[in-house]
Amino acid sequence: MAPLAAQSRANRMKRIEEMSLWERLYFPEVIRGLTVTGYRFWRNLIVHTLHKLGLARKVQAAITVQYPDERAPYPDTFRGRHRLTLKDDGLVQCTACFLCATACPAECIYIEAGEYPDNPVEKYPIRYEIDTLRCIYCGFCVEACPCDAIRMDTGTHPGNLGFSRKDFVENKEVLMQRSRELAEKGKEGLYEEYVKPYRHV
Amino acid sequence: MNETAPVQSQGFYAEEMTISVGPQHPSTHGVLRFVVKTDGEVINEAIPDVGYLHRSIEKIGEKVTWHGYVPYTDRADYLAAMFANQVFCMAAEKLAGTEVTRRGEFCRVIACELNRIASHLISVGTFGQDIGAMTPFVHALRERETINNLMEEICGARLTYNYIRIGGVGYDILPETCTRITEFLDHFEPIVDEFNRLLSNNKIFIERLAGVAVISKEDAFSYNLVGPNLRGCGIKWDIRRDIPYSVYPELEFEVPVGTGQVGTLGDSYDRYWVRIRELQESCKILRQCLKMFPKGPAIAKVPRKFKPPVGECYARVEAPRGDMGFYVVSDGSEYPYRVRIRTGSFTAMSIIDKLSKGIMVADLIALIGSLDVDAPEIDR
């Protein structure tokens, strides 16, 4: 022990907050503390039991959320999994302009461009792949896109179930399917699908 | 010192023992290792072993575009990602002469101060946990959770924000979010007092920290300590006040310094207390910003192919762990020629070796916690 530290401890130690007489009596304060803890304990226990029985759903038991049974709502700005938006006729909106792939700081987007046989104006992606293991979910691709073809508004987390690296590469079909599912089931439905594997682990 | 040499201490003969604290130790948040040579409970030497979290962020800077580097700066210090965002953007703007919109500046300050509260809450909460107080940690993280929700609303992510861009900010802060921030502040300010009753004024906590690991002013200067660690030694130095940037000159706030109120000036408690006071100061700044929040665009028009002229510059901000600086060199191309990051935790690490001589093993934990070193920031 350094002598300086020892000295200063012995000489200069003092309490900032003065205790009142009631606090000095010690036992009333201990009982008060136990009341607070006990109240919380019994309240949580009872409310959780009621929840299990399907009662009193509106009363929140603790500040924590019973994930994955319940979940906290996500704001609209949440950057989730990508999707490729569709035109009215169901074709992909993307025109394979490579702006997202250029803006991507993680270089996770791979595009192979092709041309429609009947449309000399627009191109379309033959392959559009996002390697979600590389992706850092920064949202630059969404900002770069001039025709609103890629979005991250699905409200789901990146997938983390898979047995090989290939399982994490999301191709054009997967990304377009997500758009269709979002239109069909809405954000809530999509999230339901996402949590399902975790529910009965 | 020779490892096997017998050490005489208080009449007993004991051999000096070399033990390894970390990399997986509860008090070393992240991956941090100390090679500690002890004589029983007394430490003779504690050598920090850094490099476990080296991700070569600086080198990556040479390979991605100026815009594209912003998400990587998030990862430099994940507890205070907003500040690394801001300082890199400030450096790039300085180089290119880009003007930031006024609303953009306010958005930056609001986001940064929220982030500072979150970072300090982690710091004081885990500090309590290291010392042995479990409850304050939960209280601190409960409040931080609210801030994370706010951040998610502002910029779409909870930890790696990627919010501040060259020329302004990515997304505007909506009026609803402003209301929620005010609600949070109304709720949070009494919580700080509650936190003080719970932890700061706790006799056990004070006795554990008062007079432990005292840093003198000279040492603080010579080891280049920054931020709350420097202010804990009684030196009034805050980049926000002394080298003003952004809109800080228009805002009123105090710079809390250590006073040695329970022990010696510059002890662990002073460093802790400065952080608690900064929580309140940040609340004050946030309230002023929300009141003065101007209208207008949140981001200036910046070309997508951002090519600053040839040159070099250094920008610095006051991050929660002290003076954070980015030194960038441009060769006129789309990519930075060199990015160098200067962080507060790295210098704080270097003083641990000096301070740990002669203190107890348990006090080493208090010392690491009070310096608030953050492993990803040390190694980058």
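Residues numbered from 1 in each chain as written. Chains lettered and ligands numbered in written order. Predicted model: local features only at pLDDT ≥ 70, side-chain atom pairs only at ≥ 80, totals over all residues. Heavy atoms only, no water.

Undergrad: I would appreciate a short explanation of the overall build of chain A in the present structure.
TA: From N to C terminus, chain A includes six helices and five strands. Counted from the first residue to the last, chain A has its helices and strands arranged as α-α-α-β-α-β-β-α-β-β-α. Scaling as 2.2 N^0.38, a compact globule of 201 residues should have a C-alpha radius of gyration of about 17 Å, whereas chain A reaches 28 Å, well beyond that. The principal-axis extents of the C-alpha atoms in chain A amount to approximately 90 × 55 × 30 Å. Across the 201 residues of chain A, 31% fall into the buried class. A separation threshold of at least 6 residues defines the contact pool for chain A, and within that pool the share at least 24 residues apart is 64%. With the model as given, the accessible surface of chain A reaches about 13,400 Å², and the carbon-plus-sulfur share is 58%. (Helix = DSSP H or I, 4+ residues; strand = E, 2+ residues; numbered from the N terminus. Rg over C-alpha atoms; globule rule 2.2 N^0.38 Å. Buried < 20%, exposed > 50% of the residue type's maximum accessible area, 1.4 Å probe, protein only. Contact = heavy atoms within 4.5 Å. Areas by Shrake-Rupley, 256 points an atom, 1.4 Å probe, with all protein chains shown as cover.)

Undergrad: When you look at the overall build of chain B in this model, what are you seeing that I'm missing?
TA: When its secondary structure is counted, chain B shows 14 helices and ten strands. In terms of C-alpha radius of gyration, chain B reaches 21 Å, essentially the compact-globule figure of 21 Å for 380 residues. C-alpha extents for chain B along the principal axes are approximately 75 × 50 × 35 Å. For chain B, the residues scored as buried account for 59% of the 380 residues in total. In chain B, of all internal contacts separated by at least 6 residues, the share reaching a separation of at least 24 is 71%. Carbon together with sulfur atoms contributes 55% to the accessible area of chain B, which is approximately 14,300 Å² in total.

Undergrad: Honestly, the packing of aromatic side chains in this entry has me stumped. Any pointers?
TA: Aromatic rings considered in pairs are described by the distance between their centres and by the relative angle of their planes. By the definition in use, this model includes 20 aromatic pairs over all chains. On the basis of an interplanar angle of 20° and a centroid distance of 4.6 Å, the ring pair of A:Y116 and A:Y124 is categorised as stacked. Given the relative accessible area of 14%, A:Y116 is considered buried. One aromatic cluster is present, formed by B:W66, B:Y69, B:Y72, B:F88, B:F306 and B:F326 through successive ring pairs. Stacked on the ring of B:Y171, the Lys or Arg B:R165 has its end atom at 5.7 Å from the ring centre. In this structure, B:R380 is placed above the aromatic ring of B:F346, and the distance from its NZ or CZ to the ring centre is 5.8 Å. (Phe/Tyr/Trp six-rings, centres within 6.5 Å; stacked < 30°, edge-to-face > 60°. Lys NZ or Arg CZ within 6 Å of the ring centre and 35° of its normal.)

Undergrad: How should I be thinking about the confidence of the model for chain A in this particular structure?
TA: Detailed reading of predicted coordinates is not advised where the pLDDT is low. Looking at chain A as a whole, the pLDDT averages 81, with 91% of positions reaching at least 70. Within the model, the stretch residues 1-13 of chain A combines pLDDT values under 50 with 22 contacts to residues more than four positions away or in other chains. (pLDDT = per-residue confidence, 0-100.)

Undergrad: Explain the interface of chain B and chain A here, please?
TA: In many analyses, interface size is given as the accessible surface area lost on bringing the parts together. Taken together, the contact between chain B and chain A spans 37 residues of the former and 25 residues of the latter. In this assembly, chain B packs against chain A so that about 2,700 Å² is buried in total across both faces, 52% of it on carbon and sulfur atoms. Its largest share of buried area at the contact with chain A, chain B owes to B:E152, B:N201 and B:R304, together 18% of the area lost on that side. Our count for the contact surface shared by chain B and chain A stands at one salt bridge. Residue B:R165 is joined to A:E143 by a salt bridge in which the shortest nitrogen-to-oxygen separation is 2.6 Å. Elements that contribute at least two residues to the side of chain B that touches chain A include exactly α2 (70-74), α5 (135-155) and α7 (203-209) of chain B. Residues of the side of chain B that touches chain A, tallied by class, amount to 14 nonpolar, twelve polar and eleven charged. (Buried area = accessible area lost by both parts, 1.4 Å probe. Salt bridge = Lys/Arg side-chain N within 4 Å of Asp/Glu carboxyl O. Nonpolar A, V, L, I, M, F, W, Y, C, P; charged D, E, K, R; others polar.)

Undergrad: Could you clarify how one ought to interpret a nonpolar patch on the surface in this entry?
TA: All names here are of chain A. Nonpolar side chains collect at one region of the surface, where Y26, F27, V30, I31 and L34 lie side by side and expose about 560 Å² of accessible area between them. With respect to the helices, strands and loops of the structure, Y26 is situated in the loop between α2 (21-24) and α3 (27-52). The exposure class of Y26 is exposed, given its relative accessible area of 54%. (Patch = residues over 30% accessible without salt bridge, like charges linked within 9 Å, V, L, I, M, F, W, Y side chains within 5 Å.)

Undergrad: Would you explain the pattern of salt bridges in this entry?
TA: Working definition: two side chains of opposite charge can pair if their charged atoms are close together. Residue and element names in this part refer to chain B. Inspection of the entire model under this criterion finds 46 salt bridges over all chains. For R380, the salt bridge identified is with E58, shortest N-O distance 3.6 Å. One end of the pair, R380, is in the segment after α14 (375-379); the other, E58, is in helix α1 (residues 57-60), and 322 residues separate them in sequence. Given the relative accessible area of 7%, R380 is considered buried. In the salt-bridge network here, residues are joined through shared partners; they are E113, R116, R231, D238, R240, E278 and E318.

Undergrad: For this particular structure, what's the right way to read helix α3 (residues 81-96) of chain B?
TA: It helps to recall that an α-helix has 3.6 residues per turn; residues three or four apart then point in one direction. Residue and element names in this part refer to chain B. With 16 residues, α3 extends 23 Å between its outermost C-alpha atoms, agreeing within 8% with the 22 Å of an ideal straight helix rising 1.5 Å per residue. Counting buried residues in α3 gives 14 out of 16 residues, a clear majority hidden from the surface. Following α3 by one or two positions, G97 adopts a phi angle in the positive range, close to 70°. (Expected span 1.5 Å × (residues − 1).)

Undergrad: Hey, could you run me through the domain arrangement of chain B in this one?
TA: All names here are of chain B. Segmenting chain B into domains produces domain 1 (1-54 + 353-373) and domain 2 (57-342). Between domain 1 and domain 2, the C-alpha centre-to-centre distance is 30 Å. In this complex, domain 1 contributes 15 residues to the contact, which on the side of domain 2 involves 19 residues. Roughly 1,500 Å² of surface becomes buried between domain 1 and domain 2 when both sides are summed, with 55% attributable to carbon and sulfur atoms. Three residues stand out in domain 1 for area buried against domain 2, namely K354, S370 and D372, and they jointly supply 36% of the buried area on that side. The tally of links from domain 1 across to domain 2 stands at four salt bridges. We note a salt bridge from R275 to D372, for which the minimum N-O separation is 3.7 Å. (Domains from an automatic or database assignment.)

Undergrad: Explain the nonpolar core to me, please; I cannot follow it from the model alone.
TA: Taken as a class, soluble globular proteins show a tendency for nonpolar side chains to be buried jointly. Among the nonpolar cores identified, the biggest contains 110 residues, and A:Y128, B:L114 and B:Y163 are the most heavily contacted of them. Take this core: its biggest share by element is 13 residues, from helix α4 (residues 102-131) of chain B. Ignoring any residue separated from it by four or fewer positions in sequence, one finds A:Y128 in contact with A:L84, A:C94, A:C100, A:I109, A:Y110, A:I111, A:I150, A:E170, A:N171, A:K172 and A:L175. B:A213, B:I368, B:L371 and B:A375 belong to the second largest nonpolar core, which has 27 residues in total. (Core = buried A, V, L, I, M, F, W, Y, C linked by side-chain atoms within 4.5 Å.)

Undergrad: Explain the sheet that holds strand β3 (residues 123-131) of chain A to me, please; I cannot follow it from the model alone.
TA: Strands belonging to one sheet form pairs held by backbone hydrogen bonds; the direction of such a pair is parallel or antiparallel. All names here are of chain A. In space, the three strands of this open sheet follow the order β2-β3-β5, with antiparallel pairing throughout. Here the strands that pair on one side only, and so sit at the sheet edges, are β2 (109-115) and β5 (169-170). Sheet topology note: the β2/β3 ladder contains seven bridges and is antiparallel. Directly across from I111, in β3, lies its bridge partner Y128. Strands β3 and β5 of the sheet are contacted by helix α6 (residues 172-199), whose axis makes an angle of about 95° with β3. (Pairing = 2+ DSSP bridges. Axes fitted to C-alpha atoms, helices over the stretch in contact; angles between N-to-C directions.)

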